[in-house]
Amino acid sequence: MSKHTPRVFSGVQPTGNLHLGNYLGAISKFVTMQHEYESIFCVVDLHAITVPQDPKLLKAQTREIAAAYLAAGIDPTKSIIFQQSAVSAHAELSWILSCQARIGWLNRMTQFKDKAGKDKEKASVGLYVYPVLMAADILAYKATHVPVGEDQKQHLELSRDIATKFNNDMGTEDFFPLPEPMIQGPATRVMSLRDGTAKMSKSDPSDLSRITFTDDADAIAKKFKKAKSDPEPLPSEEEGLDGRPEAKNLVGIYAALSGISAADVLSEFGGQGFGALKPRLAELAVEKLSPISGEMRRLMEDTSHIDGILSQGAQRADDIAAPILRDVKEIMGFLAPTS
Ligand code: TYM
């Protein structure tokens, strides 16, 4: 039995274009988990600056993620919502952990390779050590459970390796818990609407590839209508989706949005064409997303309310992280300042 208090930590980058993948793969799961665990949800602005950000937009984008958390149903009196840069433990612990992490481990990170593109020499050092900062985010709170989409799996494995190395090397068995990735349920990997083999992503140049929280009902209907499909009717059994990535993705989105299984979606739509599924999918998406996006817009009109929630959250987050960081510094042999 672990001695660690069960605690959830997760984060979303304030980089604009929050999409259906972020909602189904992460935020909607945060909403459910907050009832089962002590939960901390962060807006990871330090991660956002691993690629250039316009400082004028970053503040608004930070508030927008906070608004999305609130609008989706995260209760700020229960869970902690705050921005990463407001709690110094993230950056401090990240440095200490970067002295534990090995270059070979980071060299294996596929997301760095994807994001850095062809000319890796020009990528920021921050982009390279991005996963170490992620480990610091989680371990600064000794978080035990981390709900994320499938794309973050490798980063979470790295967090576990870093925690294990720290515990072993510093002779502090079990000081850090090994955080458990929670990549479960439907829609752990929502795919692009233009290509069923590519992840739905904020950075896809095609706006038609993703449904975002700023899309109105017409835009959502248009994007599903134009979504790539194939000429076959939908199968009646799930096995029939093998080798049909676009069909699998649309059925998966329908299942996740309606809270039913893919098998149930197929028992309704099996034998019919995409012309039957797509309009229903658009209706469902509008029904689920428009109350959230409407509430986000309402919240964004009162920035002082959002800022107040973030400030209170940062204080509560700091209350948890500061003593853990103090223990880490003691373990490292840093001389504590006398007051
Ligand atoms: P970000 O902002 O890129 O993504 C936020 C969350 O959305 C999930 N996600 C998806 N899920 C399903 N299908 C998709 N197409 C899809 N696209 C994105 C991501 O997996 C993520 O859960 N590095 C993190 C942020 C982070 C973090 C942390 C997470 C920073 N520190 C500590 C957990 C713990 C990220 O990818 O953000």
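Small disclaimer: the values here were computed from a predicted structure and weren't measured.

Undergrad: Quick question: what am I supposed to make of the pairing of strand β1 (residues 7-12) here?
TA: Where a strand is regular, its side chains alternate between the two sheet faces. In terms of burial, β1 is a largely internal element, five of the six residues being buried. Pairing between β1 and strand β2 (residues 38-43): six bridges, direction parallel. In the sheet register, Ser-10 faces β2, and the bridge partner there is Phe-41.

Undergrad: Quick question: what am I supposed to make of the packing of helix α1 (residues 20-33) against helix α3 (residues 55-72) here?
TA: Helices that pack against each other are described as a pair by the angle of their axes relative to one another and the distance between those axes. In contact at an axis separation of 9 Å, α1 and α3 are set at 60° when each is read in the N-to-C sense. Comparing the axis directions of α1 and α3 gives the class oblique. You can see that α1 and α3 cross each other, and the crossing is right-handed. On α3, the residues that touch Tyr-23, Ile-27, Phe-30 and Val-31 of α1 are Ala-68, Tyr-69 and Ala-72. Taken together, the residues of the contact of α1 with α3 sort by class into seven nonpolar, no polar and no charged.

Undergrad: Quick question: what am I supposed to make of a negative patch on the surface here?
TA: The grouping of Glu-237, Glu-238, Glu-239 and Asp-242 at the surface amounts to a negative patch. Considering the arrangement of structural elements, one finds Glu-237 in the loop between α9 (217-226) and α10 (245-258).

Reading guide: rules and limits
Residues numbered from 1 in each chain as written. Predicted model: local features only at pLDDT ≥ 70, side-chain atom pairs only at ≥ 80, totals over all residues. Heavy atoms only, no water. Buried < 20%, exposed > 50% of the residue type's maximum accessible area, 1.4 Å probe, protein only. Helix = DSSP H or I, 4+ residues; strand = E, 2+ residues; numbered from the N terminus. Pairing = 2+ DSSP bridges. Axes fitted to C-alpha atoms, helices over the stretch in contact; angles between N-to-C directions. Parallel < 35°, antiparallel > 145°, perpendicular 65-115°, else oblique. Left-handed = near helix turned anticlockwise from the far one by under 90°. Contact = heavy atoms within 4.5 Å. Nonpolar A, V, L, I, M, F, W, Y, C, P; charged D, E, K, R; others polar. Patch = residues over 30% accessible without salt bridge, like charges linked within 9 Å, V, L, I, M, F, W, Y side chains within 5 Å. Areas by Shrake-Rupley, 256 points an atom, 1.4 Å probe, with all protein chains shown as cover. Salt bridge = Lys/Arg side-chain N within 4 Å of Asp/Glu carboxyl O. Lys, Arg positive; Asp, Glu negative; His and termini not counted. Charge placed at Lys NZ, Arg CZ, Asp CG, Glu CD.

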